[in-house]
Each structure stands twice: as C-alpha cells, then as structure tokens.
Amino acid sequence: VFSLAVLTRIIPESKYIQETLAHLEESQNTIMKFSGTTIGTSVALSALPNDFASPLAGTVSDLNTYFIFMFAVIFVEKLIVMIGTKISLAYIIPFACILYIASILTSKELFKKFATKLLILGISLVVVIPFSTHFTDKVCDEYLAYVDETIEEANAGSNKINEVMSSGAEDA
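Residues numbered from 1 in each chain as written. Predicted model: local features only at pLDDT ≥ 70, side-chain atom pairs only at ≥ 80, totals over all residues. Heavy atoms only, no water.

**Comments concerning the side chain of K78**
Along the chain, the position of K78 falls in helix 3 (residues 54-106). The contact partners of K78, leaving out residues within four places of it in the chain, are L21, L24, E25 and Q28. (Helix = DSSP H or I, 4+ residues; strand = E, 2+ residues; numbered from the N terminus. Contact = heavy atoms within 4.5 Å.)

Shown next as structure tokens:
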C-alpha cells in the first residue's frame, strides 16, 4: 500500500530520477554528435579524388550502425526509468507483497518464490539504471572532455577536407 500510495508519486519525480533522465538525454545528444561527425567525415573522405579513401569512408560510415544501436539502448533505458519505475512501484511490488501474504496464509512455497522474484524485479527496475547511470557519470567525468575534444577535432578535419575539396572544384 505504501509503494502504491506514496512511492509511486515521490520516486518518479525525485531529483535522482530526473538527473538520470538528464544524463541519458545528454548521452543521446553525444551519440548524435558522433553520428553526425562520422557521416560528415565519411562524405569528406569519399569526396577525395581517385577513390583514394573510399574503403576508409565505408568503414567510417559503418560506425553509424553502432551509434544507432547505442542510441536505441539509451532510448530503452529512458523508457524503463520513466515507465518502468511507475509500473514497478504501482503494480509489481504491491503484487509481490500480496503473493507473499498468500504464501504465508496458504503455506505454499511457490507463492513465496514467485513473490521474491517479482520483488527483486521491481526493485531492480527502480534502482539499477539510475544507479548505473550515476556511477558511470562519476567514473567517466574526466573522459567526457576528451570525447568532446575528439568530436571537435573530427569536425574540424571534416570541414577542412570539405574546404579543400570546394576550393579544388572552383580551381578546376
């Protein structure tokens, strides 16, 4: 009853969950930057004369498949945090408690086992992704500057190649 009546309203709106959603959104934006940079670099490489860098351009563009996969995983994590938390607190944990009470009243071990598994699932839905997101954020803070620098360098290189290609086309 406490989970359904109180926690369902408090936990999803908590600062911790909102920070988790903000971190996941930031990760999606970083992946989109990587994806755009990869496409730009691939186009710039494929524009070099004599198909000099076409194999490399193909390999670089294939990286987008991985970025799309990472984007999808983060999207699913956001759904689990937004919807899974509410479902867990409103339905899964109360149902697990009801099953546990039924196991006590009927002395059936099956209800107790199922209640335990449901309770673990419910708590996991509420705790695992937010905890892992915050833990990863704390561990990777120093590397985020490196990631941003890498994106900027790749964009600068891609822009430079495009400029050279544009000026070469005007000269011809």
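**A few points about the packing of aromatic side chains**
Any two aromatic rings considered together are summarised by their centre-to-centre distance and by the angle between their planes. Enumeration over the complete set of coordinates arrives at two aromatic pairs. A centroid spacing of 6.2 Å and a plane angle of 15° characterise the contact between F131 and F135, whose relative ring orientation is stacked. Note that F131 and F135 are positioned in helix 4 (residues 109-171) at a spacing of four residues, about one turn of the helix. (Phe/Tyr/Trp six-rings, centres within 6.5 Å; stacked < 30°, edge-to-face > 60°.)

**A short note on the packing of helix 2 (residues 15-46) against helix 3**
Two elements in contact, helix 2 and helix 3, have axes separated by 9 Å at closest approach and are oriented at 165°. Overall, the two elements helix 2 and helix 3 adopt an arrangement that is roughly antiparallel. As helix 2 packs across helix 3, the resulting crossing turns out to be left-handed. Here the contact of helix 2 with helix 3 is built from residues that sort into 19 nonpolar, ten polar and three charged. (Axes fitted to C-alpha atoms, helices over the stretch in contact; angles between N-to-C directions. Parallel < 35°, antiparallel > 145°, perpendicular 65-115°, else oblique. Left-handed = near helix turned anticlockwise from the far one by under 90°. Nonpolar A, V, L, I, M, F, W, Y, C, P; charged D, E, K, R; others polar.)

**A few points about the nonpolar core**
Grouped together as the largest cluster of nonpolar side chains are eight residues: I17, L21, L24, I31, F67, I74, V81 and I129. Counting only elements with at least two residues in this core, the list comes to helix 2 and helix 3. Examining the composition of this core, we find that four residues originate from one element, helix 2, more than from any other. If sequence neighbours within four positions are ignored, V81 has contacts with I17, T20, L21, L24, I129 and P130. Formed by five residues, the second largest nonpolar core is a distinct cluster that contains I92, A96, L99 and A115. (Core = buried A, V, L, I, M, F, W, Y, C linked by side-chain atoms within 4.5 Å. Buried < 20%, exposed > 50% of the residue type's maximum accessible area, 1.4 Å probe, protein only.)

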